[in-house]
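Overview (structure and organization)
Each chain is listed here by its residues.
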Amino acid sequence: MYAYDELDRTLINERVSEFRDQVKRRLSGELTEDEFKMLRLQNGVYLQLHAYMFRVAIPYGTLSSKQLRGLAHVARRYDRGYGHFTTRQNIQYNWIKLAELPDALADLAEVGIHSMQTSGNNTRNVTSDQWAGVAPGEIEDPRIWSELLRQYTTLHPEFSFLPRKFKFAITASAHDRAAIKVHDIGLRLHKNAEGETGFEVLVGGGLGRTPFIAKTIKPFVPGRDLLSYVEAILRVYNQYGRRDNIYKARIKILVHELGIEKFAQEVEEEWLQIRDSALTLDESVVEEVRSRFSYPVYEKLPHLPDELKKAAHDPLFERWRRNSVFPHKVPGYAIVTLSLKPIGGPPGDATAEQMDTIADLADKYSFGEIRVGHEQNLALPHVARRDLPVLWKALDKIGVATPNVNLVSDIIACPGLDYCSLANARSIPIAQELTRRFANHDTADLIGRLHINISGCINACGHHHVGHIGILGVEKNGEEFYQITIGGRADENAELGALIGPAVKYGEVADVIEDIVEAYLALRARPDELFVDTVKRLGVEPFRERVYATR
Amino acid sequence: MVTANRTWDGVVIYRTAAHGWSAELAGAAIVRTSDEARALLAEAVADDVGAVGAYIAPVEIKNSGAIKPGNLREHIRSEGLTIGPSVPA
């Protein structure tokens, strides 16, 4: 956990006071909606179909139990008792009242949480691997650098009015769980030939209307130069990024139009001007941030304790353990993923009661720490393996132990037309129906790893372009239709999916997905060939033939 | 009809014939020409303190005279979520 200092606390509290005054002036008519809109957006407040939506940042996906209780409190006191975890390590409340928002913000500030820069054309919440600091084989904890970037980008005057929003993601593992290749800047921590730690810097990734996979702009930037190099990128973007057309304003379009070589050259020239400036990260600065992260004092524990041996006789426990429990860097410990994808439920939602219980369980079994992943699930990052059986029972009791992590019913979905004013079609009911179709865990296990991503419009908040199966809702003559892509992926081998055929109606989506999965089971070379690998090997055509032959 | 969200709490509201707002679609003023719609919208937009994001939306008038939302978006705004009872109330 990172401990905020006095500066952080002052900044957050001042922001609450400022927004309280702005809301007061808006409600009195002193500020018009036109004047107020940018102010509310800078505090993560959108206007959606039914109400205001309030987006709160969870920097690099790390929460303390106290903070999770704070999120539960806001859900209970100011909303309708639940929140929605998003694909960018935020939580959204869907029914918040503007008049009560300053109080909600003040309550969150008490636990060191805020909503600054969760909207608007600025640098957004810095996201990272939800297993940061505990993943085996990790170079080092990427949250140190995430936190440095958070401090650097928060209220940065030069980058508060960029051409468009700007998103960072960081990973320090060989397997990318942070989807860095679909971010404006993706950072991969690694060591060079000399053993020095630094970053591969990728730029220009993004989804939405015009999807691009990020390209490497520099294979190695030493840690000390991270901020100056990032500033050089932001400066080039700020200068040349288009402000005349919102659809062409993201950095991915600039990189595409200039070409990666020309863009890299512009950045390099800018960087040479500022490289050896106050932006250079002295080791003492990095150490200061590192020292503010507290780490558990782990016990020396056996890998296979008696409790685990005994519980192995319970097939339900074993299914969950195989699916939701992952290796930890410390022997005797495990990372546990909590599925927020119950069969028939909306993906990524958690009730206040669930959040409170998870906070209690984190205190008891995970050194008071919880993580939020971009797949819209939670994780307990430091669980002693001896505690797994008792933890499983407690998680199962509150409905977050569905053994479907990374399987076909672990669906990523945006809020869609049920909530969102931008959406053209519904996402959540499609996800719910699919989870019911694939509710049989034996079948899901047989299918293996398969990521379905659903977006209710081209803005792609559900990351449909990089789903193994991607579903995009569109509207045609007042009716919902869905375009389906296959073969996308968001990891270190990120790719955009390919369209499989004509869009299908709302009522046909689940049938088509079932047909695609059946085609995969028939086409795969062997049981352990993953869906996405079968598509890579065979291409879209055999799937198209099987799925559309009878339609 | 013209619809918006109430400023202080975001609740869905409809412009009424009595120059006010109703939280019920049944209370909405129904207009049939584009000039009438534009006039109703101008009146709604002028109430910047009371409402936010006003726009013209279609309705369907049933034979019974009942007013129904004219598209899925308005149906969801008027009737609520379509995602079933699994979402906490």
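Keep in mind it's a predicted model, so treat the numbers as computed, not measured.

The rules behind these values
- Residues numbered from 1 in each chain as written.
- Chains lettered and ligands numbered in written order.
- Predicted model: local features only at pLDDT ≥ 70, side-chain atom pairs only at ≥ 80, totals over all residues.
- Buried ≥ 20, exposed ≤ 12 C-beta atoms within 10 Å, placed from the backbone.
- Helix = DSSP H or I, 4+ residues; strand = E, 2+ residues; numbered from the N terminus.
- Contact = placed C-beta atoms within 7 Å.
- Pairing = 2+ DSSP bridges.
- Axes fitted to C-alpha atoms, helices over the stretch in contact; angles between N-to-C directions.
- Domains from an automatic or database assignment.
- Nonpolar A, V, L, I, M, F, W, Y, C, P; charged D, E, K, R; others polar.

Moving on: helix H14 (residues 428-437) of chain A. Residue and element names in this part refer to chain A. The element H14 is extensively covered by neighbouring structure, given that seven of its ten residues are classed as buried. Within H14, burial applies to Ile 428, Pro 429, Ile 430, Ala 431, Gln 432, Leu 434 and Thr 435. Looking at the buried side of H14, the elements it contacts are strand E16 (412-413), strand E17 (452-455), strand E18 (469-476) and helix H16 (509-523).

Looking now at the sheet that holds strand E4 (residues 82-85) of chain A. As a general point, the strands of a sheet are linked pairwise by backbone hydrogen bonds and lie either parallel or antiparallel. Residues and elements named next belong to chain A. If you walk across this open sheet you meet the five strands as E1-E2-E5-E4-E13, and the pairing is antiparallel. Of all the strands in the sheet, the pair left with one neighbour each is strand E1 (45-47) and strand E13 (349-351). The sheet shows a mean angle of 30 degrees between the axes of neighbouring strands, direction not considered. As paired strands, E4 and E13 are joined by three bridges and run antiparallel to one another. Note that in E13 the partner of Gly 83 across the bridge is Ala 350. Together, E1, strand E2 (52-57) and strand E5 (90-96) form the strand contacts of helix H4 (residues 101-109), whose direction differs from that of E2 by roughly 15 degrees.

Our focus in this paragraph is the domain arrangement of chain A. On domain assignment, one finds that chain A holds domain 1 (6-109), domain 2 (142-291), domain 3 (306-397) and domain 4 (412-548). Just the C-alpha atoms count here: the centres of domain 2 of chain A and domain 3 of chain A sit 33 Å apart.

Turning to the interface of chain A and chain B, a few remarks are in order. With 28 residues of chain A at the interface, the matching set in chain B holds 24 residues. If you list the elements that add at least two residues to the side of chain A that touches chain B, you get E13 and H14 of chain A. In terms of residue count, H14 of chain A provides more of the side of chain A that touches chain B than any other element does, three residues in total. Here the side of chain A that touches chain B is built from residues that sort into twelve nonpolar, nine polar and seven charged.

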